[in-house]
Amino acid sequence: MRALITGGAGFIGSHLAERLVAEDHEVWVLDDLSTGAMSNIDPLMQGPNFHFSLGSVTDEALVGPMVDRVDVVFHFAAAVGVKLIVANPTRTIETNIRGSEVVLQAAARKGKLTVIASTSEVYGKGVRIPYAEDDDLLLGPTSKSRWGYACSKAIDEYLALAYAKERELPVLIVRFFNTVGPRQTGRYGMVVPTFVRQGLSGDDITVYGTGEQRRCFADVSDVLEALLRLVDTPSAFGQVFNIGSEQEISINDLAGLVREATGGRSQIIHAPYEEVYEEGFEDLQRRVPDLGKLEGAIGYKPSTPIETIVDRVIAHARDHGE
Ligand code: UDP
């Protein structure tokens, strides 16, 4: 297969690029390096089946010919990370909506299979656990930037489904839940790499809020296994799928786990949300995916335990001096 990965220098995109190249597919990456990094794809740069273009996914003149060249488009370029989203709401909304418009328009010209990377954030603050794909979305007020991000990704989904309906474009929409693995940066707020960096350097591990909020963390390689099985399943096209793990852990327990696994030198401290995000920031107490639809379609769901995921992140950080 020939694949274009927008945002391919980012965390999940670079793992996908690595895997596709290893399976002898030819990969083109388009990335503006706003949150991605060349270091994520450096090992791939010399390979004959890997091509990198520096540029924006909102640049139609650049995106059009790249889409024409491939069989499948993985549209992963988007603003990510709660911290970055709250700090840069304009860029977040514009990049997400405009980028998807450009990619879908180009893909529709020749009917190219397009995978839209969406997010569990679209469920907003839904209280019915677990979250199923057909649940109502429950977003907060427009005065809170977090929900602008959720809304922009929901628009991406509506748009992709509109192309599927009106233009018969094969699309796949995947809602990634908390995904973790080597090379993920803590710079934009993600909790596991942040705790690991703090634990390895013996700094305080900063738990926001009470720490009783819970999340389910999935290993990036499991997430990609699910994604690639979906791409091989034409009956899944035109639909939305959750991808994540169902195993919940509280942020307090995660902090304790990372503390022990990194040598036990750090203190665990609690910080109010207002200090790190914005006034009135709304966090979610629980977020659990319903994976029934995914499992029904592909006979697989991510299941690597959080202890193993944390060990892998620590091993990578140690090897790379992070
Ligand atoms: N969090 C934390 N300390 C940090 C970063 C995040 O306690 O240094 C918390 C955050 O408030 C949230 C959870 O960890 O409750 C997961 O945060 P992340 O940004 O990784 O993902 P989210 O699920 O919020 O999208």
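Criteria and thresholds
Sequence order sets the numbering: in each chain, residues are counted from 1 along the sequence as written. Where local features are concerned, this predicted model is filtered to residues with pLDDT of at least 70; where side-chain atom pairs are given and counted, the filter is 80 or more; whole-chain, interface and lining totals use all residues. Calculated side-chain values reflect all of the structure's heavy atoms, with hydrogen atoms and water omitted. Proximity is defined per residue: if any heavy atom of the residue lies within 4 Å of a molecule or strand, that residue is considered near it. N or O atoms within 3.5 Å of each other form a polar contact, as long as, within protein, one can give a hydrogen and the other can take it, and as long as residues adjacent in sequence are counted only when both atoms are side-chain atoms. Areas reported as accessible are Shrake-Rupley estimates using a 1.4 Å probe. Residue values count occlusion only from the protein chains shown. In this description a helix means any DSSP run of H or I spanning at least four residues, a strand means any run of E spanning at least two, and both kinds are numbered starting from the N terminus. Expected span of a helix, by definition, is 1.5 Å for each gap between consecutive residues, and there is one gap fewer than residues. Residue burial is assigned from relative accessible area. The probe radius is 1.4 Å, only protein chains are included, and a residue is buried under 20% of its type maximum, exposed over 50%, and partly exposed in between. Contact criterion: two residues are considered in contact whenever any of their non-hydrogen atoms come within 4.5 Å of each other. Residues grouped as a nonpolar core are buried Ala, Val, Leu, Ile, Met, Phe, Trp, Tyr and Cys residues, joined through side-chain atoms within 4.5 Å. Every patch collects residues that have over 30% relative accessible area and no salt bridge, joining them within 9 Å if they carry like charges and within 5 Å if they are nonpolar side chains (Val, Leu, Ile, Met, Phe, Trp, Tyr). In what follows, salt bridge is the name for a side-chain nitrogen of Lys or Arg lying within 4 Å of a carboxyl oxygen of Asp or Glu. Any two strands between which DSSP finds at least two bridges are classified as paired. Seen with its strands pointing away from the viewer, a crossover is right-handed if its path from the first strand over the helix to the second goes clockwise. Of the two site types, the cavity is a set of points on a 1 Å grid over the protein atoms alone where a 1.4 Å probe fits but cannot get out, and the pocket is an open set with protein on both sides within 12 Å along at least five of seven lines, each lined by residues with an atom within 4 Å of a point. Grid points are joined across faces, edges and corners, and a volume is the space filled by probe spheres set on the points.

Asks: What is the right way to read the site of the ligand from this model?
Replies: In the vicinity of the ligand lie 19 residues, with Thr206, Tyr208, Arg215, Asp283 and Arg287 positioned nearest. Residue Thr206 places a main-chain N or O atom 2.7 Å away from a nitrogen atom belonging to the ligand. The contact in question runs from an oxygen atom of the ligand to an N or O atom on the side chain of Asp283, over 2.6 Å. Summarising the interface, the protein chains cover 94% of the accessible area of the ligand, which totals 520 Å² for the free molecule. Every element with two or more residues in the shell around the ligand is listed here: helix 7 (191-201) and strand 8 (205-208).

Asks: Even after reading the chapter, I still don't get helix 1 (residues 11-22), so can you show me in this structure?
Replies: Owing to its 3.6 residues per turn, the α-helix aligns residues three or four sequence positions apart on the same side. Helix length check: helix 1, at 12 residues, gives a terminal C-alpha distance of 17 Å against a target of 16 Å (1.5 Å per residue), a fit within 8%. Asp24 occupies a position one or two residues after helix 1 and carries a positive phi of about 70°.

Asks: Looking at this structure, how should I read the environment of Gly7?
Replies: The residue Gly7 is located in the loop between strand 1 (2-6) and helix 1 in this model. On the basis of relative accessible area, Gly7 is assigned to the buried category, the value being 11%. Each C-alpha atom, one on Gly7 and one on Ala77, is 3.8 Å from the other, the two residues being 70 residues apart in sequence. Among all residues touching Gly7, those that are not within four sequence positions of it are Gly13, Leu30, Asp31, Phe76 and Ala77.

Asks: Could you clarify how one ought to interpret the nonpolar core in this entry?
Replies: The nonpolar side chains of a soluble globular protein tend to be buried with one another. Counting residues in each nonpolar core, the largest one holds 38 residues, and the members touching the most others are Leu16, Phe74, Leu227, Leu230 and Ile243. It is helix 8 (residues 220-231) that contributes the most residues to this core, 8 residues altogether. Core analysis: the next-biggest nonpolar cluster, separate from the first, contains 24 residues, Leu4, Leu30, Met66 and Ala108 among them.

Asks: Got a minute to help me understand a nonpolar patch on the surface in this structure?
Replies: Taken together, Leu137, Leu139, Ile155 and Tyr158 make up a surface patch of nonpolar side chains, about 350 Å² in accessible area. Along the chain, Leu137 turns up in the loop between strand 5 (113-119) and helix 6 (145-167). Under the relative-accessibility criterion, Leu137 is labelled partly exposed at 32%.

Asks: Honestly, the pairing of strand 6 (residues 171-176) in this entry has me stumped. Any pointers?
Replies: In terms of burial, strand 6 is largely enclosed, as 6 of its 6 residues are buried. Burial along strand 6 is two-sided: the face carrying Val171, Ile173 and Arg175 and the face carrying Leu172, Val174 and Phe176 are both buried. Across 6 bridges, strand 5 lies against strand 6 in parallel orientation. From the neighbouring strand, Thr119 faces strand 6, where its bridge partner is Phe176. Following the chain from strand 5 across helix 6 to the adjacent parallel strand 6, one finds a crossover that is right-handed. Examined bridge by bridge, strand 6 and strand 11 (residues 239-243) share 5 bridges and lie parallel to one another. Opposite Arg175, over in strand 11, you have Asn242 as the bridge partner.

Asks: Please clarify how the layout of surface pockets should be interpreted in this entry.
Replies: Any empty space left between the atoms is revealed when a probe the size of a water molecule rolls over them. Computed from the structure, the second largest pocket encloses a volume of approximately 220 Å³. The wall of the second largest pocket is formed by 13 residues, among which Glu133, Glu157, Leu161, Arg175 and Val240 lie closest to the centre. Among the elements of the structure, helix 6 and strand 11 are those that each provide at least two residues to the lining of the second largest pocket. If you tally residues by element for the lining of the second largest pocket, the top one is helix 6, at 4 residues.

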